[in-house]
Amino acid sequence: MDLGVRWTLHGDGRTPAPGAVVRPDERLSWPRTAGLGAQHVVAMFGASFVAPVLMGLDPNLAIMMSGVATIVFLLATRGRVPSYLGCSLSFVGVAAVIRAQGGSSATVTGAVFVVGAALFLVGLAVRHFGARIIHAAMPPIVTGAVVMLIGFNLAPVTAATYWPQDQWTALLVMLFTGLAVVCLRGFWSRIAIFLGLVFGYVLSWGLDRVFGQIHSADASGAVTDHWRLDLSGVGQADWIGLPTLHGPSFEWSAILVALPVVIALIAENAGHVKAVGEMTGDNLDDKLGTAISADGVGSMLSTAVGGPPNTTYSENIGVMAATRVYSTAAYWAAAGFALLFGLCPKFGAVVAAVPGGVLGGITVILYGMIGLLGAQIWTNAKVDLRNPLNLVPAAAGIIIGVGNVTLEFTDTFSLSGIALGTLVVITGYHALRAFAPAHLKTQEPLLDEGTSSYDTSGNDAEAGTSGGKGDGEADGEGGQRAKS
């Protein structure tokens, strides 16, 4: 069985010829491959460590399980889809809502485990019926609205939790990160979030040395005198050791909050497969269902032991675009480095010590970018918001999601925020479409990002290979740039 773990040496193994690319089944010399793997790890550092911190989970375990998930993905796709799977920011809002309802880390990981299982089943369905089922169930108007309400639902987390801990540090970090995202080029622009973290870390240390303790809310919300940067946990952490593990706990209320994120993950994976296919020149539509299922399995493995969910990362797509090296051997090297980092608790303690004010400055940009990616989906798919069939369900769902509106069914069961908003968008769109007059339904359907074509005959086992070209290539890559 070909598992995609055999590579031919590209040229002399040193530098690709001008205009040449290193294909997924090729590699450079092993020292250069290892160097590229390390570069991939650095590229995903920013988001893969920010996400678990924001979710209240162990960053060491997050980085370790990202390596495991990447290995699973590479094996499942037989080495045809070069990709790194890092911690998904799409679940940050879900974790915040679950914890606000009194849920523990086990409740968070249990809910996300179910999302991973759902994603796995969606991938199997795409393999069997073809990619067209994605568009049938979740057209761009629905996908964009759900991504938008997930991102904007996070605004109160920044405003009430992180920003008040150190407003001036948050402001400076926001300005620095914004400049890094806009002004830097190439690889450096891909790690702008990571650079913002480093800048805020150093800035907080300097402010503590110059001005002493700050009188503000701490991470628990209590207003006290405290250091901006507390490194006490770093000194107590071991250099080598296993991360803290815990099992998931399943509660229906938490699961219902988390399930809508499946929509965002499908769009991310579809966009990634499309983007990689465009860069390598391969038609990877037949691997779309496999990629989605592999992502689901990776997330299930991670959350089963207490880690965060994973998804494909556009930062690593950027590294491939910059280097023109698409070798999956580099991703195997990256996964190996991630496993090693996960075995260093002291490294995780350094990450966990990131001050709240620093997170405030970064999340102002990050959460807004996630939300606005919903608008990008609409733009790429040419969604007409003048059509009330599109406008009404999206408008209602977004306001419910952003405003955290609650619908109480009984004293013990209610839906609110992300879950209720997503339900309104999906059911509202399909219900209204069933009763809408014909002239509101005449717009030609457009494929979601990443599903570049599909089989109209319905007989292909994977995403089909006939049909029209899709429009939204930038959506999937951009979506991951924000979340990762």
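Preceding this paragraph is the structure being described.
Residues numbered from 1 in each chain as written. Predicted model: local features only at pLDDT ≥ 70, side-chain atom pairs only at ≥ 80, totals over all residues. Heavy atoms only, no water.

Moving on, we come to the overall build of the protein chain. Across its full length, the protein chain holds 21 helices and eight strands. Looking at the protein chain residue by residue over its 484 residues, the buried ones come to 55%. Restricting to contacts in the protein chain with at least 6 residues of sequence separation, those with at least 24 account for 79%. (Helix = DSSP H or I, 4+ residues; strand = E, 2+ residues; numbered from the N terminus. Buried < 20%, exposed > 50% of the residue type's maximum accessible area, 1.4 Å probe, protein only. Contact = heavy atoms within 4.5 Å.)

So, on to the packing of aromatic side chains. Aromatic ring pairs: the centre-centre distance and the angle between the two ring planes describe each pair. Considering all chains together, one arrives at three aromatic pairs under this definition. Ring centres of Trp7 and Trp30 lie 6.0 Å apart, and the angle between their planes is 85°; on these two criteria the pair is classed as edge-to-face. With Trp7 in the segment before strand E1 (8–9) and Trp30 in helix H1 (residues 30–55), this residue pair connects regions lying 23 residues apart in the sequence. The class of Trp30 is partly exposed, set by a relative accessible area of 46%. (Phe/Tyr/Trp six-rings, centres within 6.5 Å; stacked < 30°, edge-to-face > 60°.)

Under the 1.5 Å per step criterion, the end-to-end length of helix H8 (residues 167–183) is 24 Å for 17 residues, consistent within 8% with the ideal 24 Å. Within the span of H8, buried status applies to Thr169, Ala170, Val173, Thr177 and Ala180. Taken end-on, H8 shows its buried residues confined to a sector of 95°, consistent with a single buried face. Structural note: H8 exposes Trp168, Leu179 and Val182 on the side pointing more than 90 degrees away from its buried face. (Expected span 1.5 Å × (residues − 1). Arc of directions from axis to C-beta.)

What follows concerns a nonpolar patch on the surface. Taken together, the side chains of Leu385, Leu391, Val392 and Leu432 present a nonpolar region at the surface, about 300 Å² in accessible area. Within the secondary structure, Leu391 is located in helix H19 (residues 388–403). (Patch = residues over 30% accessible without salt bridge, like charges linked within 9 Å, V, L, I, M, F, W, Y side chains within 5 Å. Areas by Shrake-Rupley, 256 points an atom, 1.4 Å probe, with all protein chains shown as cover. Salt bridge = Lys/Arg side-chain N within 4 Å of Asp/Glu carboxyl O.)

Another point: the nonpolar core. With 97 residues, the main nonpolar core has Leu54, Met55, Leu288, Tyr367 and Trp378 as its most contacted residues. Counting residues per element, this core draws most heavily on helix H13 (residues 261–280), at ten residues. When residues no more than four places from it in sequence are discounted, the contact partners of Tyr367 are Leu54, Val92, Gly151, Leu154, Val157, Thr158 and Tyr162. Core analysis: the next-biggest nonpolar cluster, separate from the first, contains five residues, Val22, Leu28, Leu36 and Ala330 among them. (Core = buried A, V, L, I, M, F, W, Y, C linked by side-chain atoms within 4.5 Å.)

Let's shift gears to unusual backbone geometry. A positive phi angle, near 55°, is found at Arg78, a position not held by glycine. Inspection of the secondary structure assignment puts Arg78 in the loop between helix H2 (59–76) and strand E3 (85–87). The phi dihedral of Lys382 is positive, around 55°, even though this residue is not glycine. Residue position: Lys382 is located in the loop between helix H18 (356–380) and H19.

With that out of the way, let us pick up the packing of H8 against H18. Relative to each other, H8 and H18 sit at 45°, their axes nearing to 7 Å. Between H8 and H18, the angle is such that the two are oblique. As for how H8 packs across H18, the hand of that crossing is right-handed. Where H8 abuts H18, its residues Thr169, Ala170, Val173, Met174, Thr177 and Gly178 lie against Gly357, Val358, Gly360, Gly361, Ile362, Val364 and Ile365. Its residues assigned to classes, the contact of H8 with H18 shows seven nonpolar, six polar and no charged. (Axes fitted to C-alpha atoms, helices over the stretch in contact; angles between N-to-C directions. Parallel < 35°, antiparallel > 145°, perpendicular 65-115°, else oblique. Left-handed = near helix turned anticlockwise from the far one by under 90°. Nonpolar A, V, L, I, M, F, W, Y, C, P; charged D, E, K, R; others polar.)

A few words now on the pattern of salt bridges. Throughout the structure, instances matching the rule amount to four salt bridges. Asp286 serves as the salt-bridge partner of Arg80, at 2.8 Å between the closest nitrogen and oxygen. Residue Arg80 is found in the loop between H2 and E3, and its partner Asp286 is found in the loop between H13 and helix H14 (288–304); the two are separated by 206 residues along the sequence. Relative accessible area serves as the criterion here: at 30%, Arg80 is assigned to the partly exposed category. Of the charged contacts in the structure, one is a salt bridge between Asp384 and Arg386, with a shortest N-O distance of 2.9 Å. Among the residues examined, Arg386 registers a relative accessible area of 73% and is labelled exposed.

As for its position among the elements, Thr109 is in helix H4 (residues 105–129). A distance of 3.1 Å separates a polar side-chain atom of Thr109 from the backbone oxygen of Ala106. Setting aside its immediate chain neighbours within four residues, Thr109 contacts Leu57, His246, Gly247, Pro248, Thr303, Gly306 and Gly307. (Polar contact = N/O pair within 3.5 Å; in protein donor to acceptor, adjacent residues only side chain to side chain.)

A word on the environment of Val425. Structurally, Val425 is set in helix H20 (residues 417–435). A residue is classified by how much of its surface remains accessible, and Val425, at 2% relative accessible area, is buried. A C-alpha to C-alpha distance of 9.1 Å links Val425 and Thr143, two positions 282 residues apart in sequence. Contact partners of Val425, with chain neighbours within four places excluded, come to Val142, Ala145, Leu149, Pro393, Ala394 and Gly397.

Let us look at the side chain of Ser29. By secondary structure assignment, the location of Ser29 is in the loop between strand E2 (26–27) and H1. Relative accessible area serves as the criterion here: at 16%, Ser29 is assigned to the buried category.

The end-to-end C-alpha distance of helix H6 (residues 140–152) is 18 Å, a good match for the 18 Å that 13 residues give at a rise of 1.5 Å each. Burial analysis of H6 places twelve of its 13 residues in the buried class, the great majority of the element. Listing the buried residues of H6 in full gives Pro140, Ile141, Val142, Thr143, Gly144, Ala145, Val146, Val147, Met148, Leu149, Ile150 and Gly151.

With that settled, consider the packing of H2 against H14. Their axes nearest at 9 Å, the elements H2 and H14 cross at an angle of 150°. On the basis of the axis angle, H2 is roughly antiparallel to H14. Every pair of crossing elements has a handedness; the one defined by H2 and H14 is right-handed. The segment H2 lies against H14, with Met65, Val68, Ala69, Val72, Phe73 and Ala76 engaging Thr290, Ala291, Ala294, Asp295, Val297, Gly298, Leu301 and Ser302.

Glancing now at the environment of Val53. Here Val53 shows up in helix H1. Along the backbone, Val53 and Val354 are 301 residues apart, and their C-alpha atoms lie at a distance of 8.6 Å. Those residues in contact with Val53, other than ones at most four positions away along the chain, are Val351, Ala352 and Leu359.

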